[in-house]
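# Examining the three-dimensional arrangement
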Amino acid sequence: MISSRAILLLFAFLILSISINLYPVINAESESAATDGVVMEGLTAEQESAIAESKESFVFQAEVNRLMDIIINSLYKNREVFLRELISNASDALDKLRFLAVSASEMLGDLKDLYIQISYNENLKTITIRDTGIGMTKQELINNLGTLAKSGTKKFLDNLSEGADVGLIGQFGVGFYSVYLIADKVRVITKNNEDEQYIWESTAESSFTIAKDPRGNTLGRGTEITMFLKEDALEFLKQDKLEEIIKHHSEFINFPISLYKKTSEVVEVPEEVEDKDTVDEDGLEVEEEKEKKPKTEKVDKWDWHRLNGNVAIWSREKDSITDEEYQKFFKVISKEPSDALTWIHFKAEGEIEFKSILYVPTEANNLYEDYNNRKAGVRLYVRKVLIQEDFEDLLPKYLNFIKGVVDSDDLPLNVSRETLQQHKILKVMSKKIARKVLEMLRKLATGKADTEEDAAEDDEAAKVADFDADHPYMKFFKQFGKSIKMGIIEDTPNRSKLAKLLRYQSSKTGDDKYTSLDNYVARKPEWQKDIYYIAAESLDAAKRSPFLEMATRKGVEVLFLVEPVDEYAVGNLGDFDGMKLQSLTKEGLKFGDEDEDLVKKRLKAYREAFKPLTTYLKELFAGKVGKVVLSQRVETTPSVIVTGQYGHTANMERIMRAQTFANPEVVSLDVWMNDWIHTLTHRQLLTSSLSDLTLWTTTTRPSSP
């Protein structure tokens, strides 16, 4: 009889033997799985084995490690662009098929729908994008997916540095290789009408393989790309992130783009209802009905959801688009609740072609609170694929308030923002876009004009009357006038066009109207040679300035510059229509209505007569003013302090002292005093008493004119 201890030992031995015998089998399966790679959705292990047995290997002719270094470090700074590139390639494949099907409709076959579908699998850690486009033959797989490698990395780098067009849109060139930003293995399944269905696969090491798909034709037509994600790229398996990227880059693609996504919904749970019979007071059986609240449960549902419902209206003819459609599109791209003030829709042709819609918002909001760091508001597209949402080089900084889109077929899609900035085409585009914006603003100011003759007529009509505060252009200028003035400072080539867009109140416009420089010139006296202005802290201060006295007596119009940027802008402008812009508070003021020789003789006589007084005052104010002179620039005020021709006005000194980072050495009064000129009015000297002259010696520098 066997003891219980012996039985236990025998049982343990049997268990150990079974484990030892099973271990090679389990380990072999693990090794097989590692060899075959992760089984993707739609392929069984047997089919994976068939692919492994029949695949052909091809060696990249260029060094792939170097190639990947170029893609990851030189071209792409943001890993999410992989999806942008693949969607663009898919769209191009669909475009090509649609074009060919115009003359050969049989190419569509039974699969007439043209679309792009994107799905993901969290368990397999894969993302798949499929299109029903033209597809590729086996030879096209070899050529297209090896194009960049065969061209050689050195040649590729040379092209980049020379600004050559390295865009391989639709050819699975640079753009396709962006998948290795997030994947360590990629599988491409494709079916062309002229060939069977093939599978291309690579881990971007030194080779790729191609095999006939053991399943046969499962796509019907088109291409399906599956990416096996790296461990540090699993964030792209999040449904919300995928949806955000697709919408951001591809909301205006012509073809439907759908994401296979999970949604939750509440459904009723059926339950059995027991009928209970009761007996009423007459002894009859009555069926009792009770209302019960149905039971519900939350279930997950997977389905295709289209993500690109917006229409790229810029690709349509402008005559076919209503104002309502334009306003709706503005709100889509700007995310602003209010309507646009005006817009321009155009197609640029010539050495470069692109389409664009540009808008002027109604409100500036917080634009000038952080002007230097304000991001651009124009989106750059290439073939309706978003490249950059706030591309700064499309417009100069002073036009950053403009919202809109620019779409070009001539720019390379698959390069980074840094590389694109150096592209020669972009510089040409920037100049054309800036001119179009200024044209739009001119039309807003003068009325609609589609030809140069109409524009000239509108410009003449605009000179008839000044602008009321409720004029559409004045609504713009009150919000964005500072930007036009900054343009005068920054944009030398367009300075003359910007000058026509300036608006100021003046001594002849009243409180609720504004004048342009064109209007000023149109109504000036014939003898007037300059445009006169006075810069002050406020409109009231400008109107009360004693420097206006002589201009008022002569009937000369004076512009009121009351914004801090005004003097900077006018200083950079210098002249308009051949007329110098002259400050009333600076030395060298002349009105031009008198005989200069007579004026000089008169002043010479006065200077000789009052030389003792001016000499005395100069000694008295030594170190406080540059000089003491006689002048007829004011009418009733005994004396004023003016600035040298190249010095700062009192208003500019005030602005500079108020700056946060003002240098005490630069803004010191001691530095500026050398430019001050104590000016005495000779007419007042002839009629004043000695006590008045004593009072004049206490004249001080005003804080503003």
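Above this text is the structure in question.
Residues numbered from 1 in each chain as written. Predicted model: local features only at pLDDT ≥ 70, side-chain atom pairs only at ≥ 80, totals over all residues. Heavy atoms only, no water.

## Things to note about the pairing of strand 13 (residues 354-360)
Burial analysis of strand 13 places six of its seven residues in the buried class, which makes it a mostly covered element. With seven bridges connecting them, strand 12 (residues 342-348) and strand 13 associate as antiparallel partners. Counted as the bridge partner of Trp343 is Tyr359 from strand 13. Taken together, strand 12 and the strand that follows it, strand 13, pair antiparallel across an intervening segment of five residues, in which Gly350 is found at a positive phi of about 125 degrees. (Buried < 20%, exposed > 50% of the residue type's maximum accessible area, 1.4 Å probe, protein only. Helix = DSSP H or I, 4+ residues; strand = E, 2+ residues; numbered from the N terminus. Pairing = 2+ DSSP bridges.)

## Describing the side chain of Ser408
As for its placement among the helices and strands, Ser408 is situated in strand 16 (residues 403-408). In this view, Ser408 contacts Ile352, Glu353, Phe354, Tyr381, Val382, Arg383 and Met429; residues no more than four positions away in its chain are not counted. (Contact = heavy atoms within 4.5 Å.)

## Observations concerning the sheet that holds strand 16
Across the sheet, which stays open at both edges, the five strands sit in the order 12-13-16-14-15 with mixed pairing between neighbours. A strand with exactly one partner marks an edge of an open sheet, and here the two such strands are strand 12 and strand 15 (385-388). If you compare each strand with its neighbour and ignore which way they point, the axes differ by 20 degrees on average. Contacts from helix 9 (residues 323-334) reach strand 12, strand 13, strand 14 (378-382) and strand 16, with the element oriented near 85 degrees to strand 13. (Axes fitted to C-alpha atoms, helices over the stretch in contact; angles between N-to-C directions.)

## What about the pattern of salt bridges?
One pass over the structure, following the stated rule, counts 28 salt bridges. For Lys347, the salt bridge identified is with Glu349, shortest N-O distance 3.8 Å. According to the relative accessible area criterion, Lys347 is partly exposed, its value standing at 47%. Note on Glu349: relative accessible area 52%, which makes it exposed. Look at the salt bridges and you will find they share partners, linking Glu48, Lys185, Arg187 and Glu201 into a network. (Salt bridge = Lys/Arg side-chain N within 4 Å of Asp/Glu carboxyl O.)

## Section: a positive patch on the surface
On the surface, Lys424, Lys427, Lys431, Arg435 and Lys497 cluster together into a positively charged patch. When you line up the elements, Lys431 lands in helix 11 (residues 424-446). Residue classification places Lys431 among the exposed residues on the basis of a relative accessible area of 57%. (Patch = residues over 30% accessible without salt bridge, like charges linked within 9 Å, V, L, I, M, F, W, Y side chains within 5 Å. Areas by Shrake-Rupley, 256 points an atom, 1.4 Å probe, with all protein chains shown as cover. Lys, Arg positive; Asp, Glu negative; His and termini not counted. Charge placed at Lys NZ, Arg CZ, Asp CG, Glu CD.)

## Describing the nonpolar core
Formed by 79 residues in total, the largest nonpolar core has its most connected members in Leu358, Leu394, Ile402, Met429, Phe476 and Leu584. The biggest single contributor to this core is helix 11, with 10 residues. When near neighbours in sequence (up to four residues on either side) are disregarded, Met429 contacts Ile352, Phe354, Leu380, Leu394, Val406, Ser408 and Leu411. Of all hydrophobic cores here, the second largest spans 51 residues; its members include Leu141, Ile142, Phe208 and Leu307. (Core = buried A, V, L, I, M, F, W, Y, C linked by side-chain atoms within 4.5 Å.)

## Regarding the packing of helix 13 (residues 472-490) against helix 18 (residues 564-573)
Here helix 13 crosses helix 18 at 40 degrees, and the two axes come no closer than 8 Å. Considering how the two elements wind past one another, helix 13 and helix 18 form a crossing that is left-handed. Together, Lys485, Met486, Ile488 and Ile489 of helix 13 and Val565, Asp566, Tyr568, Ala569, Asn572 and Leu573 of helix 18 make up the contact between the two elements. For the contact of helix 13 with helix 18, the class distribution of residues is seven nonpolar, one polar and two charged. (Left-handed = near helix turned anticlockwise from the far one by under 90°. Nonpolar A, V, L, I, M, F, W, Y, C, P; charged D, E, K, R; others polar.)

## Overview of the sheet that holds strand 22 (residues 575-576)
Strand order in the open sheet made by the five strands is 18-21-20-23-22, with mixed pairing throughout. Looking at which strands have only one partner, the edges of the open sheet turn out to be strand 18 (505-506) and strand 22. Two elements, strand 20 (residues 530-535) and strand 23 (residues 579-583), share four bridges in a ladder whose sense is parallel. When the bridges of strand 23 are listed, Asp530 appears paired with Lys580.

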